Amino acid sequence: MDTKDRLICALDVDSVAKAEALVIRLGDSVTFYKVGYQLVFNGGLPFAQDLARSGKKIFLDMKLHDIGNTVSKGVEAIARMGMTFLTVHAFPQTMKAAVEGARGSDLKILSVTVMTSYDDADLVEAGYRQSVSELVSQRVAQAMALGVPGLILSPEEAATTRNRVGDTMLLVTPGVRPAGSDSGDQKRIMTPGDAIRAGADHLVVGRPIVAAADPRAVAEAIQAEIAGSAGVPATLK
Ligand SMILES: O=c1ccn([C@@H]2O[C@H](COP(=O)(O)O)[C@@H](O)[C@H]2O)c(=O)[nH]1
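Residues numbered from 1 in each chain as written. Predicted model: local features only at pLDDT ≥ 70, side-chain atom pairs only at ≥ 80, totals over all residues. Heavy atoms only, no water.

In the nomenclature of an unreviewed UniProt entry, the protein chain corresponds to Orotidine 5'-phosphate decarboxylase from the organism Labrys miyagiensis. Database annotation for the protein chain, UniProt heading Pathway (unreviewed entry): "Pyrimidine metabolism; UMP biosynthesis via de novo pathway; UMP from orotate: step 2/2." (UniProt positions renumbered as here; feature names shortened; annotations may be inferred.)

Draft legend 1. Main features of the UniProt feature "domain: Orotidine 5'-phosphate decarboxylase" (unreviewed entry) in the protein chain. Following the UniProt record, the feature "domain: Orotidine 5'-phosphate decarboxylase" (unreviewed entry) maps to residues 6–222 here. For residues 6–222, the helix share is 44%, the strand share is 17%, and the end-to-end C-alpha distance is 10 Å. (Helix = DSSP H or I, 4+ residues; strand = E, 2+ residues; numbered from the N terminus.)

Draft legend 2. Expanded view of the nonpolar core. Membership of the largest hydrophobic core comes to 57 residues, with the highest contact counts inside it found for Leu11, Tyr33 and Ile109. Looking at this core element by element, the count peaks at 6 residues for helix H2 (residues 37–53). Apart from residues no more than four positions distant in its own chain, Tyr33 is found in contact with Ile8, Cys9, Leu11, Val23, Leu26, Leu51, Lys56, Lys57, Ile58 and Phe59. If you look at the next biggest cluster of nonpolar residues, it comprises 11 residues, including Ile8, Phe59, Leu110 and Ile152. (Core = buried A, V, L, I, M, F, W, Y, C linked by side-chain atoms within 4.5 Å. Buried < 20%, exposed > 50% of the residue type's maximum accessible area, 1.4 Å probe, protein only. Contact = heavy atoms within 4.5 Å.)

Draft legend 3. A look at the pairing of strand E2 (residues 32–35). Neither face of E2 is open: one carries Phe32 and Lys34, the other Tyr33 and Val35, and all of them are buried. The sheet contact formed by strand E1 (residues 7–10) and E2 spans 2 bridges and is parallel. Among the inter-strand pairings, Cys9 is bridged to a residue of E2, identified as Tyr33. Sheet topology note: the E2/strand E3 (residues 57–64) ladder contains 4 bridges and is parallel. (Pairing = 2+ DSSP bridges.)

Draft legend 4. Quick peek at the layout of surface pockets. Computed from the structure, the largest pocket encloses a volume of approximately 530 Å³. Lining the largest pocket we find 25 residues, and of these Asp12, Lys34, Asp61, Lys63 and Gln186 sit closest to its centre. Mapped onto the lining of the largest pocket, the elements with two or more residues apiece are H2, E3 and strand E8 (202–205). Considering each element in turn, the lining of the largest pocket owes the most residues, 3 residues, to E3. (1 Å grid on protein atoms, 1.4 Å probe; cavity = no way out; pocket = protein on both sides within 12 Å on 5 of 7 lines; lining within 4 Å. Points joined across faces, edges and corners; volume = space filled by probe spheres on them.)

Draft legend 5. Spotlight on the site of the ligand. Asp12, Lys34, Thr116, Gln186 and Arg207 are the nearest of the 16 residues found near the ligand. Taking Gln186, its side chain carries an N or O atom lying 2.7 Å from an oxygen atom of the ligand. The side chain of Arg207 places a nitrogen or oxygen atom 2.7 Å from an oxygen atom of the ligand. About the coverage of the ligand: the protein hides 89% of its 460 Å² of free accessible area. In this structure, the ligand is accommodated by the largest pocket. If you list the elements that add at least two residues to the shell around the ligand, you get E3, E8 and helix H9 (207–210). Class assignment of the residues belonging to the shell around the ligand gives a composition of 7 nonpolar, 3 polar and 6 charged. (Near = heavy atom within 4 Å. Polar contact = N/O pair within 3.5 Å; in protein donor to acceptor, adjacent residues only side chain to side chain. Areas by Shrake-Rupley, 256 points an atom, 1.4 Å probe, with all protein chains shown as cover. Sits in = over half its atoms within 2 Å of the grid points. Nonpolar A, V, L, I, M, F, W, Y, C, P; charged D, E, K, R; others polar.)

Draft legend 6. Region of the structure containing the side chain of Glu157. By the element assignment, Glu157 lies in the loop between strand E6 (150–152) and helix H7 (158–165). Taking relative accessible area as the criterion, Glu157 reaches 8% and is therefore assigned buried. Engagement of the side chain of Glu157 in a polar contact is seen with the side chain of Arg188, the distance being 2.9 Å. With sequence-adjacent residues up to four places away left out, Glu157 is seen in contact with Val132, Val136 and Arg188.

Draft legend 7. Structural detail: the packing of helix H1 (residues 16–26) against H2. Where H1 contacts H2, the two axes come as close as 9 Å, and the packing angle between them is 40 degrees. With respect to H2, the element H1 is oriented oblique. Between H1 and H2, the residues in contact are Val16, Ala19, Glu20 and Val23 and Leu39, Asn42, Gly43, Gly44, Phe47 and Leu51, respectively. A per-class count over the contact of H1 with H2 returns 6 nonpolar, 3 polar and 1 charged. (Axes fitted to C-alpha atoms, helices over the stretch in contact; angles between N-to-C directions. Parallel < 35°, antiparallel > 145°, perpendicular 65-115°, else oblique.)

Draft legend 8. Spotlight on unusual backbone geometry. A positive phi angle, near 40 degrees, is found at Lys63, a position not held by glycine. Relative to the helices and strands, Lys63 is located in strand E3.

Draft legend 9. Focus on the environment of Asp182. Summarising the element assignment, Asp182 is placed in the loop between strand E7 (170–173) and helix H8 (192–197). Asp182 sits in the exposed class, given a relative accessible area of 64%. Spatially, the C-alpha atoms of Asp182 and Gly166 are 32 Å apart, while their sequence positions differ by 16 residues. Polar side-chain contacts of Asp182 include one of 3.0 Å to the backbone nitrogen of Gly184.

Structure (structure tokens):
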């Protein structure tokens with residue numbers, strides 16, 4: 001993998017014009033973008049496809065969750081759009097259908113284990129009896145058994161999960177914050193360097209870049225931190 005592709009910038013802006021301006025400003029400092037609800041529901045899907053055609057990699061963060069037939073038909077359509085990653089929630093029926101829908105295409109499905117804005121208390125409130133680490137662990141096992149290529153999890157679960165899955169699955173971690181930056185609504189966070197050393201393949205970073213006075217400088221600093229941390233085991237940090 002090209003080291004630059006390890007940073008995925010979340011294009012969380014409310015118009016295509018703002019997204020275009022940000023992509024121009026970031027230039028070659030960012031090669032991989034995540035497009036989610038905010039941009040897609042502001043007319044951003046054709047823009048994401050154009051960006052993919054221009055050579056950038058695109059992670060379409062739709063977090064699909066529906067009956068199996070609907071998920072597999074939706075994924076079949078998305079698989080023709082030139083995207084690199086697509087998220088679904090880590091429920092067995094949903095994951096099975098998504099893997100089926102993506103079969104034969106280059107689209108990689110990522111299963112969202114437990115949102116990085118949740119802690120144990122949020123799971124209790126939602127009716128779960130497991131802790132975050134227990135639920136992530138259960139969902140990792142189910143995703144693996146169903147042949148899902150990758151996982152969304154927080155950097156806090158990356159080391160344990162990497163030990164478990166080896167190189168068989170992609171680990172993609174939101175909940176990444178450069179030292180000193182605001183965590184916002186994220187509850188399970190690490191710095192870019194620590195997340196890479198914990199075993200993450202790709203880091204998703206939105207607001208620290210998007211809301212910065214100089215987004216390119218922040219992206220370049222994160223890229224440097226990633227490059228400096230790759231290959232260094234967590235025990236040596
Ligand atoms: O568990 C999850 C799954 C997805 N996300 C998405 O990642 C970015 C993070 O943005 P920040 O501004 O860096 O917090 C955002 O688009 C989320 O929808 C996540 O945070 N956690």
